[in-house]
Amino acid sequence: MSTYIKKQLRKATRFSGILFVVLCILTFIFRAPMKVFATNLNNVGTNTTDTQSKDTEETKDDGAVDISGVIGPFGFRLDTGSESNGLSATLQILLLLTIISLAPAILIMVTSFTRILIVMHFVRSALGTQSTPPNQVLIGLALFLTVFIMSPVFTQINNKAIQPLQRNEITTEEAIEAGIEPLREFMLKEVKPKDLKLFMDIAEIGPVDDVKEIPITVIIPSFIISELRIAFIIGFVIYIPFIVIDMVVASTLMSMGMMMLPPTTISMPFKILLFILVDGWGLIIEVLLKTFI
C-alpha cells in the first residue's frame, strides 16, 4: 500500500511541475514583457529591518509600468516596458526555451557529432562486443570530440554574436545571423556538392552566384546526408579486417570438424587482440579528426 501511495505522490508531483511550467509559459505569452532588477542593499551599507515591501509605481506614456520597492535586505525594480532594440523580453524567453528544447537536435544536425557517433557504433559492432563500450561512454566520447573539433566555430560564434549582443552592440536578429554564419561555413566545407545539389533541386533553387544565397534549410539536410555517407564509408573500412578474422576462424573450425562451435566465440578474442596491438582507438580518433581538417 505504501508503494502505491508513493507512486501516486510521484505522479502528482510530476503533474504539478508540468502544470507550473505550462502556466509560466502562458503567462509570458499573454502578459507584457517584464524585467526584474534586484540589488542587495547590504552592499551599499543600507540596513533594512522592515520585512514589508515598500513599493512605488510609475506609469509611462506607452502604458508600461515600472514597479520598485524593498523586501528585507533586497531592493527590486520591475519594468514591463519592451526593449528599445531587438526582440521583446517575452520573445527572447520563448526563443531561449525553443533553443533549449531543440539543443540535442541542433547538436546532431550541425556539428560533427553524427559522424563520430556512427563510426564508434560501427567499431563496437565490428568487434562483436555487444554493449561494450556502453552507449553512455560512446556518446560521452563523441560529445567531447565534437567540442574539440567545433571549438574554432564556437569561438567565432562567441566573438561575433554572443559578446556583441551582451554589450548591446547588435540586435538579437543580427546576433542570430552572425551566429549562424560560422556554422554555415563549417557545413559547406564538409558537405558534398551532389548532396547540396540534390536538395537545391528539390527546393527548386537555381544556380546561385554566392553560397550565402543558399538557405540554411537546404544546407542542414545536405550536411546530414553527407555525414551519414562518410560515416558509413569509414565503418565499411573498419569492418574489413574483422571480417577476415571471422572467415579465417570459421574456416579453421570447419576444417577441424567443430561445426557446432560458434565462430564468433573464438574470433572475438583475436579481434580484441588485433585492435589492441594496432592501437585501434588512437587510429580511429586520428582518422576522424583528420576528416574534419
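Keep in mind that this is a model prediction, so the values were computed, not measured. Every chain is numbered on its own, with residues counted from 1 as its sequence reads. Note on the predicted model: pLDDT of at least 70 is required for a residue's local features to be given, and 80 or more for side-chain atom pairs to be given and counted; whole-chain, interface and lining totals, by contrast, use all residues. Heavy atoms from the whole structure form the basis of all side-chain values; hydrogens and water molecules are not counted.

K.L.:
Mind showing me how you'd approach the packing of aromatic side chains here?
P.N.:
Within a pair of aromatic rings, the relevant descriptors are the distance that separates the centres and the angle that separates the planes. Here a Phe, Tyr or Trp ring, Trp counted by its six-membered ring, pairs with any other such ring whose centre lies within 6.5 Å, and the pair is stacked when the planes are under 30 degrees apart, edge-to-face when over 60, and tilted otherwise. Applying the stated criterion across every chain yields a total of six aromatic pairs. An angle of 85° between the planes, with centres 6.2 Å apart, marks the rings of Phe122 and Tyr239 as edge-to-face. Of this pair, Phe122 sits in helix H4 (residues 113-127) while Tyr239 sits in helix H8 (residues 216-255), placing them 117 residues apart in sequence. Taking relative accessible area as the criterion, Phe122 reaches 18% and is therefore assigned buried. The cut-offs for exposure are 20% and 50% of the maximum accessible area for each residue type, with area from a 1.4 Å probe on protein chains only; residues under the lower value are buried, those over the upper are exposed, and the others partly exposed. A residue is classified by how much of its surface remains accessible, and Tyr239, at 27% relative accessible area, is partly exposed. Measuring from ring centre to ring centre gives 6.2 Å for Phe186 and Phe292, while their planes differ by 15°; the resulting arrangement is stacked. Here Phe292 lies in the segment after helix H10 (280-290) and Phe186 lies in helix H6 (residues 172-190), a separation of 106 residues in the sequence. Overall, Phe292 belongs to the buried group, its relative accessible area being 6%. A run of H or I in DSSP becomes a helix once it reaches four residues, and a run of E becomes a strand once it reaches two; helices and strands are each numbered from the N terminus.

K.L.:
Just checking my understanding: could you explain the nonpolar core for this structure?
P.N.:
When a protein is soluble and globular, its nonpolar side chains tend to lie buried together. Here, nonpolar core refers to any group of buried Ala, Val, Leu, Ile, Met, Phe, Trp, Tyr and Cys residues whose side-chain atoms link them within 4.5 Å. Counting 37 residues, the largest nonpolar core has Val119, Met187 and Ile238 as the members making the most contacts within it. Those elements that place two or more of their residues in this core are H4, helix H5 (135-166), H6, helix H7 (193-202), H8 and H10. Per-element tally for this core: the top contributor is H8, with nine residues. Discounting chain neighbours no more than four positions away, the residues touching Ile238 are Val119, Val123, Ala126 and Ile284. What makes two residues a contact is simply this: any of their non-hydrogen atoms within 4.5 Å.

K.L.:
In this structure, what is going on with the pattern of salt bridges? I would like to understand it.
P.N.:
Once the charged atoms of two side chains with opposite charge are near each other, the side chains can pair. A pairing counts as a salt bridge when a side-chain nitrogen of Lys or Arg comes within 4 Å of a carboxyl oxygen of Asp or Glu. Under the criterion given, the structure shown has eight salt bridges. The salt bridge partner of Lys271 is Asp246, with a shortest N-O separation of 2.9 Å. With Lys271 in helix H9 (residues 263-277) and Asp246 in helix H8, this pair connects stretches of sequence that are 25 residues apart. Among the charged side chains, a salt-bridge network with shared partners connects Arg115, Glu190 and Glu227.

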